[in-house]
Amino acid sequence: MSQAEAAPKDPKDLEAPTAPEAPTPPETTRPRPRPRNPLWTLGILRSEIITATFRRHRTYALLAVLAAVPVLIGIAIRIETGGGGSASGGGPDGGGGPAFLTQVTNNGLFLVFAALAATLPVFLPMAVGVVAGDAIAGEASAGTLRYLLVAPAGRTRLLLAKYASVLAFCLVATFVVAASALAVGALLFPVGEVTTISGTRIGFGEGLVRAALTAAVVAASLVGFAALGLFVSTLTNSGIAAMAATIGLLITVQILDSIPQLSGIHPYLFPHYWMSFADVLREPVHWEELSKNFQLQGLYAAVFGSAAWARFTAKDITA
């Protein structure tokens, strides 16, 4: 036996040859969610306001009806008075017509206040009820709601965009009435200095500012009802049912507000302070009733907006 064979072998040499190690596969990482771009929210809001609300034939029809109301009022007063004198009723003691109606023949600017007083109890809130009731339920009935939620918008942001679009309609609808009334009043009647409810006279320019402020107050008075309509819209998948229910609630609450025996609950009903916009035409402006109106609308917006969010975020979207 040779010396090399007799030498003890290294234990490492006795180990069986090992197969070459396979390359370690790269670690698989989940795709990270793309950060939400704040501009995406603006895109949703723009789409809801322009496309989903103001580019619909229904919206055009509603705005046309609202714009026609001051025209009819102005023509009726012109025919009745023959362009002079005073229209009957409408004053604090007259009855038979909306407030400011007796002043229209003396100053066409008062047609703005008369038209807002005539449309606020019925026409304006009904138009808002149609838009608000159809906001969510209309998308569900058309089968487009789940496609809106596929985009990285989230239910909360979509609901806020819907509510913002309804508020935009409130503002536009109110100013459509005011602009139509101003144009008709200036065309059919003289315009000039404005006599306030307090008996003082203000210039025509300040009167225009008061008219714009009145329109803004009327639009703000619909904030709570818009939230109520949006909440109703989250309860059903039928746009027609949501619109009918919203308008039905409007009529029911207005009936309750007109029953003297229920005076205890009147301050808590959303239309109770609607006509407080007349205080804008006082000198100085009386803010007590206006403040109560704003607080009540904010309360309704908070309560029913929260209820709409709770319902919509937990709702099973199947359409």
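Residues numbered from 1 in each chain as written. Predicted model: local features only at pLDDT ≥ 70, side-chain atom pairs only at ≥ 80, totals over all residues. Heavy atoms only, no water.

Colleague: Would you mind going over the confidence of the model for the chain in detail, with residue names and values included?
Modeller: Predicted confidence across the chain gives a mean pLDDT of 83, with 79% of residues reaching 70 or more. Contacts of residues 27-31 to residues separated by more than four positions or lying in other chains number zero contacts, the stretch itself having pLDDT below 50. Note that residues 88-97 has pLDDT below 50 and, in this model, 13 contacts with residues that lie over four places away or in other chains. (pLDDT = per-residue confidence, 0-100. Contact = heavy atoms within 4.5 Å.)

Colleague: Tell me about a nonpolar patch on the surface, and please be specific about residues and values.
Modeller: Taken together, the side chains of V65, V122, F123 and M126 make up a nonpolar region of the molecular surface, amounting to roughly 310 Å² of accessible area. In this fold, V65 is placed in helix 4 (residues 57-81). (Patch = residues over 30% accessible without salt bridge, like charges linked within 9 Å, V, L, I, M, F, W, Y side chains within 5 Å. Areas by Shrake-Rupley, 256 points an atom, 1.4 Å probe, with all protein chains shown as cover. Salt bridge = Lys/Arg side-chain N within 4 Å of Asp/Glu carboxyl O. Helix = DSSP H or I, 4+ residues; strand = E, 2+ residues; numbered from the N terminus.)

Colleague: Break down the layout of surface pockets for me, with residues and values.
Modeller: In this structure, the second largest pocket occupies an estimated 180 Å³ of space. Along the walls of the second largest pocket sit 15 residues, with A52, R56, D134, A135 and E139 positioned nearest its centre. Of all elements in the fold, only helix 3 (38-53), helix 6 (123-142) and helix 8 (155-188) reach the threshold of two or more residues within the lining of the second largest pocket. By residue number, the principal contributor to the lining of the second largest pocket is helix 6, which donates six residues. Taken together, the residues of the lining of the second largest pocket break down into five nonpolar, four polar and six charged. (1 Å grid on protein atoms, 1.4 Å probe; cavity = no way out; pocket = protein on both sides within 12 Å on 5 of 7 lines; lining within 4 Å. Points joined across faces, edges and corners; volume = space filled by probe spheres on them. Nonpolar A, V, L, I, M, F, W, Y, C, P; charged D, E, K, R; others polar.)

Colleague: I'd love a proper account of helix 10 (residues 223-233), names of residues and values included.
Modeller: For helix 10, the tally of buried residues reaches 10 of 11 residues, placing the bulk of the element in the interior. Buried-residue contacts for helix 10 involve helix 6, helix 8, helix 11 (239-257) and helix 12 (288-314). (Buried < 20%, exposed > 50% of the residue type's maximum accessible area, 1.4 Å probe, protein only.)

Colleague: A description of the side chain of T119 should follow, citing residues and the corresponding values.
Modeller: Along the chain, T119 falls in helix 5 (residues 110-119). Relative accessible area serves as the criterion here: at 0%, T119 is assigned to the buried category. Among the polar contacts listed, one links the side chain of T119 to the backbone oxygen of A115, at a separation of 2.9 Å. Sequence-distant contacts of T119, defined by excluding residues within four places in its chain, comprise V69, L124, P125 and V177. (Polar contact = N/O pair within 3.5 Å; in protein donor to acceptor, adjacent residues only side chain to side chain.)

Colleague: Before we move on, could you go through the pattern of salt bridges and cite the residues and values that matter?
Modeller: The final tally for this structure, using the stated rule, is nine salt bridges. Between E193 and R201 there is a salt bridge; the shortest N-O distance is 3.0 Å. The exposed category is assigned to R201, whose relative accessible area is 55%. Residue R210 pairs with E283 through a salt bridge whose shortest N-O separation is 2.4 Å. Of this pair, R210 sits in helix 9 (residues 204-220) while E283 sits in the loop between helix 11 and helix 12, and the two are 73 residues apart along the sequence. Owing to a relative accessible area of 33%, E283 belongs among the partly exposed residues under this scheme. Through salt bridges with shared partners, one network takes in E48, E139 and K162.

Colleague: Which residues make up unusual backbone geometry, and what values do they have?
Modeller: Excluding glycine, most residues fall at negative phi; most peptide bonds, likewise, are trans. Following E283, the chain continues to P284 via a peptide bond in cis, the omega torsion being 0°. Residue position: P284 is located in the loop between helix 11 and helix 12.

Colleague: Break down the nonpolar core for me, citing the residues and quoting the values.
Modeller: The nonpolar side chains of a soluble globular protein tend to be buried with one another. Within the largest apolar cluster, 77 residues are counted, with the highest numbers of intra-cluster contacts made by F100, V104, V128, F169, F270 and F277. When contributions to this core are tallied by element, the ones reaching two or more residues are helix 4, helix 5, helix 6, helix 8, helix 9, helix 10, helix 11 and helix 12. Sort the elements by how many residues they give to this core and helix 8 lands first, with 13 residues. If near-sequence neighbours (up to four positions away) are discounted, V128 is found in contact with V166, F169, C170, L222, F225 and A226. (Core = buried A, V, L, I, M, F, W, Y, C linked by side-chain atoms within 4.5 Å.)

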